[in-house]
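Summary of the model geometry
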Amino acid sequence: MGSPHPGRISDVRTTTVAVPLEAPLRHGNGVHPGYFVRTLVELETDEGLVGLGEVGGGGASAAQAIGALRSALLGEDPYQLERLRWKCANPVQALYVPLHQVYAAIEFACLDLQGQAAGRPVCDLIGGRLRDPVPFAAYLFYRYTGEAEAGGERDGETMVAHARDLVARYGFKTLKVKGGVYPPDHDVETMAALRRAFPDARLRLDPNSLWSVEEAIRVAKRCEPIGLEYLEDPTWGMAGMARVSRSTWIPTATNTVVVNLDQVPAAVAMGAVGTILADPHFWGGIGGVRKLAAVAETFNLGLGMHSGGELGVSLAAMVHFAAATPNLAFACDAHYHHLKGDVLAGEPFRYQDGSLRVPQGPGLGVRLDPDLVAQYAETYQKLGPYDYHQDPRRPGWFAVFPGETSRYAVPGS
Ligand code: MG
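Residues numbered from 1 in each chain as written. Predicted model: local features only at pLDDT ≥ 70, side-chain atom pairs only at ≥ 80, totals over all residues. Heavy atoms only, no water.

**A look at the overall build of the protein**
Tallying secondary structure elements over the protein gives 13 helices and 14 strands in all. The C-alpha radius of gyration computed for the protein amounts to 21 Å, which stays within 12% of the reference 22 Å derived for 413 residues, consistent with globular compactness. Seen along its three principal axes, the alpha-carbon backbone of the protein occupies a region of about 60 × 50 × 40 Å. Expressed as a percentage of the 413 residues in the protein, the buried residues total 59%. Here the contacts in the protein between residues at least 6 apart in sequence split such that 73% fall between residues at least 24 apart. A total of about 16,300 Å² of accessible surface is found on the protein, and carbon and sulfur atoms cover 53% of it. (Helix = DSSP H or I, 4+ residues; strand = E, 2+ residues; numbered from the N terminus. Rg over C-alpha atoms; globule rule 2.2 N^0.38 Å. Buried < 20%, exposed > 50% of the residue type's maximum accessible area, 1.4 Å probe, protein only. Contact = heavy atoms within 4.5 Å. Areas by Shrake-Rupley, 256 points an atom, 1.4 Å probe, with all protein chains shown as cover.)

Structure follows, in structure tokens:
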């Protein structure tokens, strides 16, 4: 049990790290070229506690943004989350900088501090451990070949082999494919191959909004006999998503066209989407996705979990939220199984039957391993940031919506 109060924030530290992936991950808008860059946030208090947060990216986009808030944070009480939210992420200021993501990292750290002081896990501060373990999906990518011959998925046969490996190792029951790299019919063939290999699995396909509405409707019709639990962002925009949603029984999901509460009324009125994918980073922390969960419950929208390539600190925040949110009924997305390492001490997250246990300890229930943080901070110094929207093996290429045949990778490549 900690002290009854976490104290006041007395120091703010950030460390940007790069953690290698087993192989580069391809998607409709580019490639994760073999590592994820994240910035770790440590809020220390005058009671000697340290709360952990994490935000995507490095350099100007994360560490500097949090550094700029240092004077706003020092002396603050980690329980005063609304005060901190308005101080750090005023929506007008957020028009210029993604402050809701920066605030999310601060909020995770404050909840971690609250939990440590109370001697309770974060899930107990937000509704309790309703779901434990938390189911996750196998996030399947077409991958370039990485070290140790990992990767090389380019069609149904190779994707099935990759899925079999992950299912054998981690027990996943839901398989999500990141499509949009190859022409749409190639993705349909991959999904059909997965269905033949895994007759009972829940399947999802996400081409990152790349297809035209007409293409998306045609693909959805081809996917109907395969059976998908949802088609994620088949096209861009709410009106486009509404036209697709009206044209197929396959439910639609999004993490791109409904990204704040202000967009929900229009999405509901238009019938744009069946399921909204929560992401505590994009929605301004666990408090933000809890509001989304309440709105989804009100309108009977589905609720899932988006993954932005997080490390263990963010994953802990996601797992605590998922544990305490009744209507988060879909298996969560995570890139975690693609990572070759993490920054946490003691490997708190190990998949079993496709699920992760909620950390037992107080707060987020995870601690940094200082040696691993130092190692991956050095890796970041060596590798630097990367542009998510490029494919290093297709120089000069960039995604255009809707994808024309000429912009897709040639099947087999
Ligand atoms: Mg998506």
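Having seen it, we continue.
**Details of the nonpolar core**
Judged by nonpolar contacts, the single largest core of 127 residues is most densely connected at Leu43, Phe136 and Leu194. At twelve residues, helix H4 (residues 99-118) tops the list of elements feeding residues into this core. Two domains share this core, each providing at least three of its residues, namely domain 1 (9-121 + 371-383) and domain 2 (124-364). For Leu43, the contacting residues outside a window of four places in its chain are Ile9, Asp11, Val12, Leu49, Val50, Gly51, Leu73, Ile106, Ala109, Cys110 and Leu113. (Core = buried A, V, L, I, M, F, W, Y, C linked by side-chain atoms within 4.5 Å. Domains from an automatic or database assignment.)

**Re empty space enclosed by the protein**
Rolled over the atoms, a probe sized like a water molecule indicates the empty space that remains. According to the stated counting rule, one finds one cavity of 30 Å³ or more in the structure shown. If you trace the largest cavity, you find 16 residues lining it, with Gly28, Gly180, Arg394, Trp397 and Arg407 closest to the centre. A breakdown of the residues in the lining of the largest cavity according to their chemical character gives seven nonpolar, five polar and four charged. There are two domains that each give the lining of the largest cavity at least three residues, and those are domain 1 (9-121 + 371-383) and domain 2 (124-364). (1 Å grid on protein atoms, 1.4 Å probe; cavity = no way out; pocket = protein on both sides within 12 Å on 5 of 7 lines; lining within 4 Å. Points joined across faces, edges and corners; volume = space filled by probe spheres on them. Nonpolar A, V, L, I, M, F, W, Y, C, P; charged D, E, K, R; others polar.)

**So, the coordination of the magnesium ion**
Protein-derived ligands of the magnesium ion are Asp206 (OD), Glu232 (OE) and Asn255 (OD1), with the metal-ligand distances lying across 2.0 to 2.3 Å. The motif formed by the donor residues of the magnesium ion, counted along the single chain, is D-x25-E-x22-N. In this pair, Asp206 is assigned in strand S9 (residues 202-206) and Asn255 in the loop between strand S11 (252-254) and helix H10 (264-270), connecting sequence segments 49 residues apart. For Asp206, a relative accessible area of 1% puts it in the buried group. (Donors = N, O, S within 2.8 Å, 3.2 Å for Na, K, Ca; no water.)

**Focus on the environment of Val264**
Structurally, Val264 is set in helix H10. When its relative accessible area of 2% is taken as the criterion, Val264 is described as buried. Once the C-alpha coordinates of Val264 and Tyr380 are considered, the two residues, 116 residues apart in sequence, prove to be 38 Å apart. Setting aside residues no more than four positions away along its own chain, Val264 makes contact with Val258, Ile276, Val295, Phe299 and Leu301.

Function cannot be read off these values alone, since they describe shape.
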